[in-house]
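A structural walkthrough
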Amino acid sequence: MNVMDVALICKALSDSNRLRIVQLLTSGELCACELLENFKITQPTLSHHMKVLADCDLLTTRKDGTKTLYALNCATLTAFRNFISALNCKC
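Residues numbered from 1 in each chain as written. Predicted model: local features only at pLDDT ≥ 70, side-chain atom pairs only at ≥ 80, totals over all residues. Heavy atoms only, no water.

Right, let's talk about the sheet that holds strand S1 (residues 30-31) for a bit. Read from one edge to the other, the open sheet built from three strands follows the order S1-S3-S2, with strand pairing classed as antiparallel. Strand pairing shows two members of the sheet lacking a second neighbour, S1 and strand S2 (59-64), which therefore form its edges. With two bridges connecting them, S1 and strand S3 (residues 67-72) associate as antiparallel partners. The residue bridging leucine 30 from the neighbouring strand is tyrosine 70, located in S3. Here helix H2 (residues 16-25) sits on the sheet and contacts S1, S2 and S3; the angle it forms with S3, its principal contact strand, is near 90 degrees. (Pairing = 2+ DSSP bridges. Helix = DSSP H or I, 4+ residues; strand = E, 2+ residues; numbered from the N terminus. Contact = heavy atoms within 4.5 Å. Axes fitted to C-alpha atoms, helices over the stretch in contact; angles between N-to-C directions.)

Attention now moves to the pairing of S3. Within S3, five of the six residues are buried, which leaves it mostly tucked inside the rest of the structure. Relative to S3, S2 runs antiparallel, the two being bridged by six bridges. Bridge pairing links leucine 59 to leucine 72 in S3. With antiparallel pairing between neighbouring strands as the criterion, S2 and S3 make up a hairpin whose turn holds two residues, including glycine 65 at a positive phi of roughly 70 degrees. (Buried < 20%, exposed > 50% of the residue type's maximum accessible area, 1.4 Å probe, protein only.)

Along the polypeptide, arginine 18 turns up in helix H2. Of the buried charged residues, arginine 18 lacks a salt bridge, with aspartate 15 as the closest side chain of opposite charge at 4.4 Å. A distance of 2.8 Å separates the side chain of arginine 18 from the backbone oxygen of alanine 12, its partner in a polar contact. Within the structure, arginine 18 has its side chain in polar contact with the side chain of histidine 49 (distance 3.0 Å). (Lys, Arg positive; Asp, Glu negative; His and termini not counted. Salt bridge = Lys/Arg side-chain N within 4 Å of Asp/Glu carboxyl O. Polar contact = N/O pair within 3.5 Å; in protein donor to acceptor, adjacent residues only side chain to side chain.)

See the structure below:
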């Protein structure tokens, strides 16, 4: 994972709502209506947050009838976690 990708993910996760969305999705895929139950935001605001997370490749989406289901992109999340865990301090 390159530094620019990491920076985009860090920027996306700097918003507490988006960080909470990622936390919720660690239990598996959810639709927007299930995610909205955990927030005091509107559906268009949730859509904006989902777009930001999808743009940095943290989310995958799939259609199930009329619903869009969201899940974490495990490959991206693992690469991000590996990048962060490789940062060390020589104190």
